[in-house]
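Spelled out, the chains give:
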Amino acid sequence: MTNSIVRQLILKDWRLNRLQLLLSIGAGMIALGVVLRGGEGPMVAGTVWFFIALIMVGTMLPISGIVNERKKQNLAFLMSLPVSSIQYTTAKIISTVGMFLVPWVTLLIAAVVLIETRGVVPPGAIPIALILAGMPFVGLCLMTGAALVGESEGWGIAANVSCNSSYGLIWYFMGRMPGLMADVKSPVPVWNPTVLKFLGGELGLIVLILGLTFYIQSRKRDFV
Amino acid sequence: MTDLAIEVKGVGKSYRFFSLDHINLEVPEGEIMGLIGPNGAGKSTTIRILMGLVHQDSGDVRVLGHRMPAAQVAAKWDIGFASEDMRLYDGMTLAWHMAFIQSIYPAWNPAYAQLLLKRFGLRAEQKIKGLSHGQRVKATLLLVLARRPKLVVLDEPTTGLDPVARHEILRELTDVMADEGRTILFSSHNTQDVEQISDRITFIDRGRIIDSMDRETYLDRWRRLRLEVPLGVELPALPGVICVRQEGRLAVATANAFVPGLANAYENSGARVQRIETMTLEEIFVANVEHSREEVRV
């Protein structure tokens, strides 16, 4: 029964956010379509739009699914159900991360296929693309954790603004790291130690943020 | 011995500007208990502790035999809880909410849900954002009642409702009780609602339970005595009289343990008893709260 209620809460979130997911996939696909047109202008614009689509969905899911649920007082309704605060946290993390993974994986596969088959972008860019795509994933986890732990719109917005304003800065510094950019024009993806460190760092951050969220939530004494 | 649906012993909870102080509360199975208190009295905090949503700092809470908050999940399978600050999903229909709750509770009764839809004048296909406040409260109550809970806990369910909607909701709660074994705890600052359906009434003020007994006992024990006090006569302090207000030759004594002997005692002191009045629950509540606050000040 415990698993069943968590499953129902996850399914509920999926039903509520289907449109957002479809729209983000659509926006990402359009961005890749722009890249396909060739030339520097469309490639830069398409790439930026592609990441904006990922950042948008990564921002909207925690806001609509967690912050608004509390703000609009739906949380009291959910907590009247046979669910504990830690089960609610589990359901929210699985549903938010799971929902994000749908457009994330779909668009990344589409991007890799495009890079490998159309020759518009060299395959050496795949590792960088994966690192860049990992950032909205880290951002989503941070915003999800802040929304769950912070229990207020303010914390959600603070996490949101911090994440979204830091992407540009990180991109800037990444562009100046020879270890990352050396093989970007290579005809095959090169998984050098710097790339692997970045990817490992992102994965570590995701695990750390979600683990901390669970830990803090499990110690809370008042939930609604 | 009657089984207790709710058993609260010595519960305390402290916040920066408010605290619940040694709350004791017992609700036997099959009873309707009304929890009356002014705004900020601690009704919602008490109810949240009962639901396991807020952890008490001290004391024991058992709901339907489950220790709270540790066993809140097991307990909540049999509790239907609705509060005034609870909202359904605006963008979804009532039918969607009904399907959601049905997917969770095996005891959901579709026929009863349909009956409630009809009685409350609701349409399942309507989105929540299109419902009035009264309709939203009824929709929430439908979702609570159709799952057939053993215990219904309602925090200010009638706040902001028009008299017709209030009547419909109270009637439905009374009907629920036709099914023996069900228990209802509901809080309100509207004494009329509580008086209408409760078997037992508990007054709470400033984080303390100030009185708890069955409705008839309240109404039997509380009286207001209007007295004429001739010059030179001093009214005696009598047991069972909690408050005497005198202006010139007229005095009003409020008794919380009235016996006919009280009137005789006043007559014997030289005062004349003009009238002995029964009190409404609201008057009893206000007098009780004022008395309790004076006691605290002393």
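Residues numbered from 1 in each chain as written. Chains lettered and ligands numbered in written order. Predicted model: local features only at pLDDT ≥ 70, side-chain atom pairs only at ≥ 80, totals over all residues.

1. Thoughts on the overall build of chain B
Now for step 1: Tallying secondary structure elements over chain B gives 10 helices and 14 strands in all.
Now for step 2: Principal-axis analysis of the C-alpha atoms places the extent of chain B at approximately 75 × 40 × 40 Å.
Now for step 3: Sequence separation of at least 24 residues holds for 70% of the intrachain contacts in chain B that already meet a minimum separation of 6. (Helix = DSSP H or I, 4+ residues; strand = E, 2+ residues; numbered from the N terminus. Contact = placed C-beta atoms within 7 Å.)

2. Re the pairing of strand β3 (residues 32-36) of chain B
Residues and elements named next belong to chain B.
Now for step 1: In terms of burial, β3 is a largely internal element, five of the five residues being buried.
Now for step 2: Here β3 shows two buried faces, one formed by Ile32, Gly34 and Ile36 and the other by Met33 and Leu35.
Now for step 3: Of the strand pairs in this sheet, β3 and strand β8 (residues 183-188) are connected by five bridges, and their pairing is parallel. Considered in β8, the bridge of methionine 33 is made with leucine 185.
Now for step 4: As defined by bridge partners, β3 adjoins strand β9 (residues 200-205) across four bridges and the pair is classed as parallel. Within β9, the position partnered with leucine 35 by the bridge is threonine 202. (Buried ≥ 20, exposed ≤ 12 C-beta atoms within 10 Å, placed from the backbone. Pairing = 2+ DSSP bridges.)

3. Considering the packing of helix α2 (residues 40-71) of chain A against helix α4 (residues 85-118) of chain A
All names here are of chain A.
Now for step 1: Two numbers describe how α2 lies on α4: the axes approach to 10 Å, and their chain directions differ by 165°. Classified by the angle between their axes, α2 and α4 sit roughly antiparallel to one another. Where α2 crosses over α4, the two elements pack in a sense that is right-handed. Contact with α2, carried on its side by Phe50, Ala53, Leu54, Val57, Gly58, Leu61, Pro62, Gly65 and Ile66, involves Lys92, Ser95, Thr96, Met99, Phe100, Pro103, Trp104, Leu107 and Ala111 of α4 and no other residues of that element.
Now for step 2: Split by residue class, the contact of α2 with α4 holds 13 nonpolar, four polar and one charged. (Axes fitted to C-alpha atoms, helices over the stretch in contact; angles between N-to-C directions. Parallel < 35°, antiparallel > 145°, perpendicular 65-115°, else oblique. Left-handed = near helix turned anticlockwise from the far one by under 90°. Nonpolar A, V, L, I, M, F, W, Y, C, P; charged D, E, K, R; others polar.)

4. Some remarks on the nonpolar core
Now for step 1: Judged by nonpolar contacts, the single largest core of 90 residues is most densely connected at Met79 of chain A together with Leu50, Val63 and Val153 of chain B.
Now for step 2: Looking at which element gives the most residues to this core, the answer is helix α5 (residues 133-145) of chain B, with seven residues.
Now for step 3: Apart from residues no more than four positions distant in its own chain, methionine 79 of chain A is found in contact with Tyr88, Phe223 and Val224 of chain A together with Leu53 of chain B.
Now for step 4: The next biggest cluster of nonpolar side chains, apart from the first, holds 31 residues, and it includes Ala53, Ala147, Ala159 and Cys163 of chain A. (Core = buried A, V, L, I, M, F, W, Y, C linked by C-beta atoms within 7 Å.)

5. Concerning the interface of chain B and chain A
Now for step 1: Listed per partner, the contact involves 20 residues of chain B and 20 residues of chain A.
Now for step 2: Within the residue set of the side of chain B that touches chain A, elements represented by two or more residues are α2 (72-76), β6 (79-83) and α3 (94-104) of chain B.
Now for step 3: Residues belonging to the side of chain B that touches chain A are distributed by class as follows: 11 nonpolar, four polar and five charged.

6. Points about the pairing of strand β10 (residues 208-214) of chain B
Residues and elements named next belong to chain B.
Now for step 1: Sheet analysis places β9 next to β10, joined by six bridges and oriented antiparallel. Each residue of the ladder has a partner; that of isoleucine 204, found in β10, is isoleucine 209.
Now for step 2: Hairpin connection, β9 to β10: the antiparallel pair is bridged by two residues, and arginine 206 has positive phi, about 50°.

7. Some thoughts on the domain arrangement of chain B
Quite often, the size of an interface is put as the accessible area lost when its parts meet.
Now for step 1: What the domain assignment lists for chain B is domain 1 (4-213) and domain 2 (223-278).
Now for step 2: Its C-alpha centre places domain 1 of chain B at a distance of 41 Å from the equivalent point of domain 2 of chain B. (Domains from an automatic or database assignment.)

8. A word on the sheet that holds β8 of chain B
All names here are of chain B.
Now for step 1: Strand order in the open sheet made by the six strands is β6-β7-β8-β3-β9-β10, with mixed pairing throughout. Of all strands in the sheet, those bounded by a partner on one side alone are β6 and β10. Averaged over all pairs of adjacent strands, the angle between strand axes in this sheet comes to 15°, irrespective of strand direction.
Now for step 2: Along the sheet, α5 makes contact with β6 and β7 (151-155), crossing β6 at roughly 170°.

9. Focus: the environment of valine 153 of chain B
Residue and element names in this part refer to chain B.
Now for step 1: In this fold, valine 153 is placed in strand β7.
Now for step 2: Considering only alpha carbons, one finds valine 153 and glutamine 102, 51 residues apart in sequence, at a separation of 19 Å.
Now for step 3: The residues contacting valine 153, other than those within four sequence positions of it, are Ile47, Leu50, Met51, Ile79, Phe81 and Leu185.

10. What about unusual backbone geometry?
Now for step 1: Of the consecutive residues methionine 68 of chain B and proline 69 of chain B, the connecting peptide bond is found in the cis state with omega at 5°.
Now for step 2: As for its position among the elements, proline 69 of chain B is in the loop between β5 (66-68) and α2.
Now for step 3: One non-glycine residue, glutamine 73 of chain A, lies in the positive phi region at around 65°.
Now for step 4: Counting through the fold element by element, glutamine 73 of chain A comes out in the loop between α2 and α3 (74-79).
Now for step 5: With phi around 55°, arginine 148 of chain B is a residue other than glycine that occupies positive phi space.
Now for step 6: Structurally, the position occupied by arginine 148 of chain B is in the loop between α5 and β7.

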